[in-house]
Amino acid sequence: MKRYTDLFVDFDDTIYDTHGNADVALDELFALYGLDEYFDDRDYFHINYWKTNNYLWDMYAQGQLDRDFLIVERFRRPLMLGRNQQGEPFLPSLELCRQMSDSFLSLCSEKSATVPDAHEVMSYLKEKGYRIHMCSNGFHEVQYKKMKASQLDVYFDTVVLSEDAGANKPSPEFFHYAFKKTSAIPATTVMIGDNYRTDIAGASGVGIDTIFFNRNPDSLTISVPSTIEIRALKDLYNIL
């Protein structure tokens, strides 16, 4: 087995339960802003939020839109699908969408749920002597709060965020910045993440071995093979 010294670990939905925590925050947001006036079905709002959010984050990772556009549009677009009792459409202002985004990010940052076995596995990797570096496209002011709320901050030697790097995963610039900040080298580094495009394809493109945490194997077609594929974090016990 190849000997690694440094682990680049994605945060959202790799060790931190971003989707689950965000669903709770969306419910709280729904009540806080009285969205039941425009949506009879809360699930309808959830489904369209996630569809929009995932699409926009993919565009953001590719550098096709900026943060300000993302945080407004991921709410504006699903909100416009709402109708009041008179059948009139919800036409949210940009300012309302920004306020909702601020509220949502604040609510999310307080949530502490992690992916199953995250603490046990991260503690094991720390005890094994690996240098562990968080590599994330998440927003600066939110990621540190989520790390602290979930108590995952204690496992990381370095935090590498795209806003600091000036580039998003999967761009080579992000990983070059990560090498510089962590003093890691590709030959002894492995990237662990759940997003095939940003984590796995991105890391592979700069010569890093990869461990793909495939959480949805039935819905994902892999075009570029990763070094190793896992279905649960505890599978790392047999690899690292």
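First, a word on what this report is: a plain description of the structure on this page. (Residues numbered from 1 in each chain as written. Predicted model: local features only at pLDDT ≥ 70, side-chain atom pairs only at ≥ 80, totals over all residues. Heavy atoms only, no water.)

Scanning the protein for helices and strands turns up nine helices and six strands. Taken over the C-alpha atoms alone, the protein extends approximately 65 × 35 × 35 Å along its principal axes. Here the protein holds 240 residues, and the buried ones make up 50% of them. At a minimum sequence separation of 6, the contacts of the protein that also span at least 24 residues come to 66%. Total accessible area computed for the protein in this model is approximately 11400 Å², and 49% of it derives from carbon and sulfur atoms. A distance of 5 Å separates the average location of the 24 positive side-chain charges in the protein from that of its 36 negative side-chain charges. (Helix = DSSP H or I, 4+ residues; strand = E, 2+ residues; numbered from the N terminus. Buried < 20%, exposed > 50% of the residue type's maximum accessible area, 1.4 Å probe, protein only. Contact = heavy atoms within 4.5 Å. Areas by Shrake-Rupley, 256 points an atom, 1.4 Å probe, with all protein chains shown as cover. Lys, Arg positive; Asp, Glu negative; His and termini not counted. Charge placed at Lys NZ, Arg CZ, Asp CG, Glu CD.)

The full count for this structure, using the stated rule, is 17 aromatic pairs. Measuring from ring centre to ring centre gives 5.9 Å for phenylalanine 8 and phenylalanine 179, while their planes differ by 35°; the resulting arrangement is tilted. Here the residue phenylalanine 8 occupies a position in strand S1 (residues 6–9), and phenylalanine 179 occupies one in helix H8 (residues 172–182), the gap between them amounting to 171 residues. The same class applies to phenylalanine 8 and to phenylalanine 179, which are both buried. Between phenylalanine 75 and phenylalanine 104, the ring centres sit 5.4 Å apart and the planes meet at 75°, which makes this aromatic pair edge-to-face. Placement of the pair is phenylalanine 75 in helix H3 (residues 67–79) and phenylalanine 104 in helix H4 (residues 94–109), with a sequence separation of 29 residues. Feature note: the residues Phe30, Phe39, Tyr44 and Phe45 constitute an aromatic cluster, connected by ring pairs. Geometry around phenylalanine 139 places arginine 67 over its ring, the cationic atom sitting 4.2 Å from the centre. (Phe/Tyr/Trp six-rings, centres within 6.5 Å; stacked < 30°, edge-to-face > 60°. Lys NZ or Arg CZ within 6 Å of the ring centre and 35° of its normal.)

Further remarks concern the pattern of salt bridges. The final tally for this structure, using the stated rule, is 15 salt bridges. Residue arginine 131 is joined to aspartate 6 by a salt bridge in which the shortest nitrogen-to-oxygen separation is 2.6 Å. You can see arginine 131 sitting in strand S2 (residues 131–136) and its partner aspartate 6 sitting in strand S1, a full 125 residues away along the chain. Judged by relative accessible area, which is 3%, aspartate 6 ranks as buried. Measuring nitrogen to oxygen at the nearest pair gives 2.7 Å for the salt bridge that ties glutamate 73 to arginine 76. With glutamate 73 and arginine 76 both in helix H3, this residue pair falls three residues apart, about one helical turn. (Salt bridge = Lys/Arg side-chain N within 4 Å of Asp/Glu carboxyl O.)

Attention now goes to the side chain of serine 136. As for its position among the elements, serine 136 is in strand S2. You can call serine 136 buried: its relative accessible area is 1%. A polar contact of 2.8 Å, which involves the side chain of serine 136, links it to the backbone nitrogen of glycine 138. In contact with serine 136, other than residues within four places in its own chain, are Phe11, Asp12, Gln143, Val160, Leu161, Ser162, Lys169 and Phe174. (Polar contact = N/O pair within 3.5 Å; in protein donor to acceptor, adjacent residues only side chain to side chain.)

What follows covers the layout of surface pockets. In this structure, the largest pocket occupies an estimated 1100 Å³ of space. Mapped onto the lining of the largest pocket, the elements with two or more residues apiece are helix H1 (18–32), helix H2 (42–61), H4, helix H6 (140–150) and helix H9 (196–204). Per-element tally for the lining of the largest pocket: the top contributor is H2, with seven residues. Residues belonging to the lining of the largest pocket are distributed by class as follows: 13 nonpolar, 14 polar and 11 charged. (1 Å grid on protein atoms, 1.4 Å probe; cavity = no way out; pocket = protein on both sides within 12 Å on 5 of 7 lines; lining within 4 Å. Points joined across faces, edges and corners; volume = space filled by probe spheres on them. Nonpolar A, V, L, I, M, F, W, Y, C, P; charged D, E, K, R; others polar.)

It is worth spelling out the pairing of strand S5 (residues 209–213) at this point. Of all five residues in S5, five are buried, a share of seventy percent or more. Burial of S5 is two-sided: the residues Asp209, Ile211 and Phe213 facing one way and the residues Thr210 and Phe212 facing the other way are all buried. Pairing geometry for strand S4 (residues 189–193) and S5, over four bridges, is parallel. Bridge pairing in S5 places valine 190 opposite aspartate 209. Remark: the S4/H9/S5 crossover connection has right-handed handedness. In terms of strand pairing, S5 meets strand S6 (residues 228–230) through three bridges, oriented parallel. Bridging from a neighbouring strand, isoleucine 211 pairs with isoleucine 228 of S6. (Pairing = 2+ DSSP bridges. Right-handed = clockwise from strand over helix to strand, strands pointing away.)

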